[in-house]
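So the chains spell out like this:
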Amino acid sequence: MAAQQAGTQPPSPVLLCGSVPPLADSYSPRPETGPGLAGNLRPGMAVALVNGAETLTAPAAQGGTGKTQLAVEFAHTMRNSRSVEVMVWVTAASRESVVSGFAQAANTVDASHPTEDAEAAAARFVSWLAHTRRPWALIIDDLAEITDLKDLWPAGACGRVVITVRGSAASFGDAFFGGAAFGDKDLTVIPVTGMSRREALSYLTARLIDNPDQRLEALDLGEDLNGLPLGLAQATGVMRTLGLSCREFRVQLAERRPQMPDVDGVSASILATWSIAAECADELPPAGLAWPTLVMAAVLDHHGVPGHVLTSPASCSYIRGRPSTATATDQNMVRAAINNLAQAGLIAIDPASPARTVQMHASVQAAVFAYLPRPDLEQAVLAAADALLETWPEDDGGATGGSGASGGSGASGGSGASGGSGASGGGPADRASRSQLDQALRDCTWALRANGGGTLWTPAAHPVLFRAGLSLEHSRLNSSAIAFWKAMLATSTRLLGPTHTQAVTARDRLAAAYESAGRSADAIAVFAAALADRERNTGPEHAQTIAARGHLAHAYISAGRPADAVILYERAVADSDRLLGSAHPISLDTRASLAQAYQAAGELRQAIGVYQVLLAESERMLGSGHPTTLGARASLGAAYAANGQLREAIGQYERTVADQERMHGRDHAETIAARASLASALRAAGKQKEAIAQYERVLADRERIEGADHSDTIAARANLAYAYRSAGRLKDAIPQYERTLADRVRINGADHRDTLTARGNLAACYQQARRLTDAIPQYERAVADSERMLGAGDMDTLTTRCNLATAYYTAGRLADVVVVLQRALSDCEKYLGADHQLTQTVRENLDAATLA
């Protein structure tokens, strides 16, 4: 059987979520002061790497002890040795970053929840960690606040957790280590100090290979820098570049150290080393560009800046000191400056990460700010804000509900950051890459906001703030979005007045964020107030008033009040037709919304009538191949199908397939999707032969274009199996179901929800074919896996348990039927209530089985 042969496949590559940084070129093993994570960290264990105790020359807050690189070494070792099946790296710049990272991981291991918000996805990931049998490793890098992991503590018998902590154990207090915040969490705390004398000597010896005389007084230099990898990397970078010996560098260090200002959390030795390295980098060709490049990176997030941000027109203009359109020459000079900074040990470059390409230590960032005059800081902050806006990819659809943030939605030209141009319409890898890029851009925006004081509000809010807020909504970070738009509304109202465009936009976005979060009452209240203000200030027929009416109607739909939405949409359609014309894009969009509201209200005949008008207007004004027309025809087909008018639905779907094929070709994703809809309508109409032919075509196209392992291909195979089964062709259906399950196990793992579904479908087909000896083990495995992963009260678990009872009954195993139904009844009563339909059905079946 195909499902049983999956175990003979070669091991799958490690499933990776997040961007694991590379090991630094200067990385050196630490047998004496390193924790040996790869060898000592066992499944079920969690460790926190913290800074060592504070000394006179090394403040505990400074860091630079190499915690992140130790975590990187662990991650690479686990991945290369295939010791884990799932590897997750999360950069913990903030609570938002943690939630976003966990949500990405949840959708990597189980992407079957497309409408779930990020907070729910993060919680689901934590549950997955606790229940999965797949070996996993999770690295949370640079945790600043212990509350960032509140209710998201990762643990599981099959997992290894490494947390690098910003600061020392004392800076977190008892809350981190068994106090009130996490109670009895099993966590081993490992202080990481600088390198030992022997390790520092080994490090310097390995790096200084051009001339043995360079190593004179290497031990002394290691002691001068307290063995800190941060300082040693900068010192060796300078010595290798300038041909200095350790003795000569120590002389410069001794001269420079007394001149250093007091900087909180940074020692004089590290500041002196930094200043020598900064001067060295700035003198390298192209001379004078390393310092402004360092400043530009420093005002952004030190955890990582997308490379294209630093080579954008705004960045090139700032770094070159003259207006630039980011020509190839300017970008190459900036890249050379970046490389010079890396050569001097001031930054790290991860060329494989479009999201966090250029990274620097927080101590380097603090040193830059200590030397940067306020006017220069403000100039850099504004240039960096422009650079973010230029390189931030557009959202394809943005946030749901509400109005677009005028003046703040999207980039103003410039080059898109590599790896981030495909929004949510791409495959899982594209979506993960885009999500990581968006998070890095948001982190950079928050860093600008914190580092620049009020610069981003002079004289009004910089558009990058609105762009970041829209990104929160697009990423379904609903709680963060609500908090952000509340703050934006308060600040814009205070500084600019309640009627200013930015204040009005912030209020609309707040309402939209409420709507996305499911807080319908709050969304309706804010949208209703906005509509009232616009009717009073601009009149009932103004374009903005009509738009506000549509936003309120959308909120009614989200709140499950379609009848109220219909009233508003009907008026909006009438106003748009009268003022703008029936073929105006706003009129077409509003009419589509009205049709959807009718459908939601169960008024399918009215919905069909509106879709017919929409299709006619779109085709007349835009042509049969325009996306609006194609979408209208597909929606009309779906409405026909929902109303039981399958002949009409099939006609619309056939025309949609033909138009999509003519406009985009047979291999386009929209063409294949239209064909799948046609197949579904044919099957519903009982035209099994025609439906199967279309399903077979869809599968062949998916397999040819996307590959056999793509999730869409696997789903197409499952649909074909169901079509075969519906037609009674069980001998054809079973191999397809077996292949689907084998592919799901191999690609997604046994714990993925899609795998659970595939196993249940195969079991049901076996049962229908009277192959009970095959069906019952699959049902038993499905019940066990579903209960472990989803819980006993999940509807899928309850349903699968009932299906197992049915299979036992068909096999004549009445005693097993009673046992399973008793458990099912207990769970239904507990989780669904005594009056739920499933509870009543289980009770009736149990009574019948008991009597039998």
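Structure: above.
All of these numbers come straight from a predicted model, not from anything done at the bench. The residue numbers shown here count from 1 along each chain, following its written sequence. Given that this is a predicted model, residues contribute local features only at a pLDDT of at least 70 and side-chain atom pairs are listed and counted only at 80 or more, while totals for whole chains, interfaces and linings are drawn from all residues. The basis for every side-chain value is the complete set of heavy atoms in the structure, and neither hydrogens nor water enter the calculation.

> So what's going on with the overall build of the protein? Which residues, and what values?
For the purposes of this entry, the term helix denotes a DSSP run of H or I that reaches at least four residues, the term strand denotes a run of E that reaches at least two, and both are numbered from the N terminus. Along the protein, the regular secondary structure elements total 37 helices and eight strands. Here the radius of gyration uses the C-alpha set of atoms, whereas the globule reference equals 2.2 Å times the residue count to the power 0.38. Relative to the 2.2 N^0.38 estimate, which gives 29 Å for 852 residues, the radius of gyration of the protein is 31 Å and therefore close to what a compact globule would have. Referenced to the eigenvectors of the C-alpha coordinate spread, the extents of the protein come out at roughly 90 × 70 × 50 Å. Only protein chains enter the calculation, and the probe is 1.4 Å; a residue is then buried if its accessible area is under 20% of its type maximum, exposed if over 50%, and partly exposed in between. Within the protein, the fraction of its 852 residues that count as buried is 52%. Summarising the internal contacts of the protein: among those between residues at least 6 apart in sequence, 66% fall at separations of at least 24. Surface accessibility of the protein: about 34800 Å² in total, with carbon and sulfur atoms responsible for 52%. Charge convention: Lys and Arg are scored as positive, Asp and Glu as negative, and His as well as the terminal groups of each chain are ignored. In plain terms, the charge of a residue is placed at NZ if it is Lys, CZ if Arg, CG if Asp and CD if Glu. Positive and negative charge centroids in the protein, built from 77 and 90 side chains respectively, lie 5 Å apart. Residue contacts follow a heavy-atom distance rule, with two residues in contact if any of their heavy atoms lie within 4.5 Å. Shrake-Rupley sampling with a 1.4 Å probe provides the accessible areas, and residues are treated as covered by the protein chains on show and by no other component.

> Report on the packing of aromatic side chains, specifying residues and quantitative values.
Aromatic rings in a pair are described by how distant their centres are and how their planes are angled relative to each other. The rule is short: rings of Phe, Tyr and Trp, with Trp giving its six-membered ring, pair when the centres are within 6.5 Å, and they are stacked under 30 degrees, edge-to-face over 60, tilted in between. As enumerated under the stated definition, the model contains seven aromatic pairs in all. Between W446 and F484, the ring centres sit 5.3 Å apart and the planes meet at 45 degrees, which makes this aromatic pair tilted. Note that W446 is positioned in helix 18 (residues 428–451) and F484 in helix 20 (residues 478–496), a separation of 38 residues in sequence. Side by side, W446 and F484 carry an identical accessibility label, which is buried. Of the aromatic side chains, those joined through ring pairs into one cluster are W446, F466, F484 and W485.

> Requested: an account of the environment of A235, with residues and values cited.
Considering the arrangement of structural elements, one finds A235 in helix 9 (residues 229–242). Residues A235 and A344, spaced 109 residues apart in sequence, show a C-alpha to C-alpha distance of 7.8 Å. Non-local contacts of A235, meaning those with residues more than four positions away in its chain, are made with L221, L225, F249 and T273.

> I'd like a description of the side chain of T839, backed by residues and values.
Of note, T839 is situated in helix 37 (residues 837–851). Within the local environment of T839, its side chain forms a polar contact with the backbone oxygen of G833, the two atoms lying 2.8 Å apart. N or O atoms within 3.5 Å of each other form a polar contact, as long as, within protein, one can give a hydrogen and the other can take it, and as long as residues adjacent in sequence are counted only when both atoms are side-chain atoms.

> Let's hear about the nonpolar core: which residues, and what values?
Ranked by size, the top nonpolar core spans 194 residues in total, and within it F102 and L300 carry the most contacts. Filtering out sequence-adjacent residues up to four positions away, L300 remains in contact with V305, V309, L310, Q365, A384, L388, C444, A447, L448 and N451. Among the nonpolar cores identified, the runner-up in size contains 22 residues, and A763, Y779, L804 and L838 belong to it. The criterion is simple. A nonpolar core is a set of buried Ala, Val, Leu, Ile, Met, Phe, Trp, Tyr and Cys residues joined through side-chain atoms within 4.5 Å.

> Could you give an account of the side chain of H752, naming the residues involved and the relevant values?
With respect to the secondary-structure elements, H752 resides in the loop between helix 32 (730–748) and helix 33 (753–768). Polar side-chain contacts of H752 include one of 3.3 Å to the side chain of D110. Excluding anything up to four places from it in sequence, H752 contacts V109, D110 and A111.

> So, the packing of helix 34 (residues 772–790) against helix 35 (residues 795–810): which residues are in play, and what are the values?
Between helix 34 and helix 35, the shortest axis-to-axis distance is 9 Å and the interhelical angle comes to 160 degrees. The angle between helix 34 and helix 35 places the two elements in the roughly antiparallel class. The two elements helix 34 and helix 35 meet at a crossing, and its hand is left-handed. Facing L772, I776, Y779, E780, A782, V783, S786, E787 and L790 of helix 34, the residues of helix 35 in contact are D796, T797, T800, R801, N803, L804, A807, Y808 and T810. Three residue categories are used. Nonpolar comprises Ala, Val, Leu, Ile, Met, Phe, Trp, Tyr, Cys and Pro, charged comprises Asp, Glu, Lys and Arg, and polar comprises the others, including Gly. Split into classes, the residues belonging to the contact of helix 34 with helix 35 amount to nine nonpolar, five polar and four charged. Simply put, an axis is a line fit to the C-alpha atoms, just over the touching stretch for a helix, and the angle between two N-to-C directions goes from 0 to 180 degrees. Oblique is the label for any angle not covered by the other classes, which are roughly parallel (under 35 degrees), roughly antiparallel (over 145) and roughly perpendicular (65 to 115). The crossing is said to be left-handed when, going from far helix to near helix, the turn is anticlockwise and less than a right angle, and right-handed when the turn is clockwise.

> Could you give me a rundown of the environment of A607, with the residues and numbers involved?
With respect to the helices, strands and loops of the structure, A607 is situated in helix 26 (residues 604–622). Given a relative accessible area of 0%, A607 falls into the buried group. Not counting residues within four places of it along the chain, the set of residues in contact with A607 comprises A595, Y598 and Q599.

> Can you tell me about helix 29 (residues 669–684), naming the residues and giving the values?
Helix span, expected: 1.5 Å multiplied by one less than the number of residues in the helix. In this model, helix 29 (16 residues) spans 23 Å end to end at C-alpha, consistent with the 22 Å of a helix rising 1.5 Å per residue. Listed in full, the buried residues belonging to helix 29 are T671, I672, A674, R675, L678, A679, A681 and L682. Structurally, helix 29 contributes buried residues whose contacts are with helix 28 (646–664) and helix 30 (688–706). Directly after helix 29, the chain includes G686, whose backbone phi takes a positive value near 80 degrees.

> Which residues make up the environment of V820, and what are the values?
Residue position: V820 is located in helix 36 (residues 814–831). Separated by 611 residues in sequence, V820 and I209 place their C-alpha atoms 72 Å apart. Sequence-distant contacts of V820, that is, excluding residues within four places in its chain, are made with R801, L804, A805 and Y808.

> Can you break down the packing of helix 32 against helix 33 residue by residue, with the values?
In contact at an axis separation of 9 Å, helix 32 and helix 33 are set at 160 degrees when each is read in the N-to-C sense. Taken together, the axes of helix 32 and helix 33 are roughly antiparallel relative to one another. The handedness of the crossing between helix 32 and helix 33 comes out as left-handed. Here L730, A733, I734, Y737, E738, T740, L741, R744, V745 and N748 of helix 32 come into contact with helix 33, specifically with D754, T755, A758, R759, N761, L762, C765, Y766 and Q768. Looking at the contact of helix 32 with helix 33 residue by residue, the class counts come to 10 nonpolar, five polar and four charged.

> Which residues make up a nonpolar patch on the surface, and what values do they have?
Patches here: salt-bridge-free residues with over 30% relative accessible area, like charges joined within 9 Å, nonpolar side chains (Val, Leu, Ile, Met, Phe, Trp, Tyr) joined within 5 Å. Here, a salt bridge means any Lys or Arg side-chain nitrogen found within 4 Å of an Asp or Glu carboxyl oxygen. Where nonpolar side chains cluster on the molecular surface, the patch consists of L579, L580 and I586 and spans about 230 Å² of accessible area. Here I586 is to be found in helix 25 (residues 585–600).

> Can you explain the pairing of strand 4 (residues 136–143)? Please cite residues and give values.
In terms of burial, strand 4 is largely enclosed, as eight of its eight residues are buried. A pair of strands is considered paired only if DSSP assigns at least 2 bridges between the two. As defined by bridge partners, strand 3 (residues 86–91) adjoins strand 4 across six bridges and the pair is classed as parallel. Opposite W89, over in strand 4, you have I139 as the bridge partner.

> Please set out the pattern of salt bridges residue by residue, giving values where relevant.
Counted under the stated rule, the structure contains 62 salt bridges. Residue D522 is joined to R519 by a salt bridge in which the shortest nitrogen-to-oxygen separation is 3.0 Å. R519 sits in the partly exposed class, given a relative accessible area of 35%. Note that R801 is salt-bridged to E787, the shortest N-O span being 3.1 Å. One end of the pair, R801, is in helix 35; the other, E787, is in helix 34, with 14 residues separating them in the sequence. Linked by salt bridges that have partners in common, E661, R666, D667, R675, R697, D701 and R704 make up one network.

> Help me get a handle on helix 4 (residues 95–109), residues and values and all.
Counted at 1.5 Å a residue, the expected span for helix 4 with its 15 residues is 21 Å, and the 21 Å between its end C-alpha atoms agrees. Extensive coverage of helix 4 is indicated by the burial of 12 of its 15 residues. All buried positions along helix 4 are accounted for by E96, S97, V98, V99, S100, G101, F102, A103, Q104, A105, A106 and V109.

> Requested: an account of the state of the cysteines, with residues and values cited.
Disulfides are defined as pairs of cysteine sulfur atoms found within 2.5 Å of each other. Inspection of every chain in the model, using the stated rule, returns zero disulfides. Between C17, a free cysteine, and C158, which holds the nearest cysteine sulfur, the sulfur-to-sulfur gap is 19 Å. This cysteine, C828, is not joined by any disulfide, and C802 carries the nearest cysteine sulfur, 5.5 Å off. The exposure class of C828 is buried, given its relative accessible area of 0%.

> Explain unusual backbone geometry to me, and be specific about the residues and the numbers.
Of note, the amide linkage connecting P285 to P286 takes the cis form, showing an omega dihedral of 0 degrees. Locating P286 in the fold gives a position in the loop between helix 11 (268–283) and helix 12 (290–298). Look at the link from T458 to P459: it is a cis peptide, with omega at 0 degrees. Within the element layout of this structure, P459 appears in the loop between helix 18 and helix 19 (463–474). Despite not being glycine, D142 has its phi angle at roughly 65 degrees, a positive value. Tracing the sequence through the fold places D142 in strand 4. The phi torsion at R476 lies on the positive side, around 60 degrees, for a residue other than glycine. Locating R476 in the fold gives a position in the loop between helix 19 and helix 20. Judged by its relative accessible area of 31%, R476 falls in the partly exposed class.

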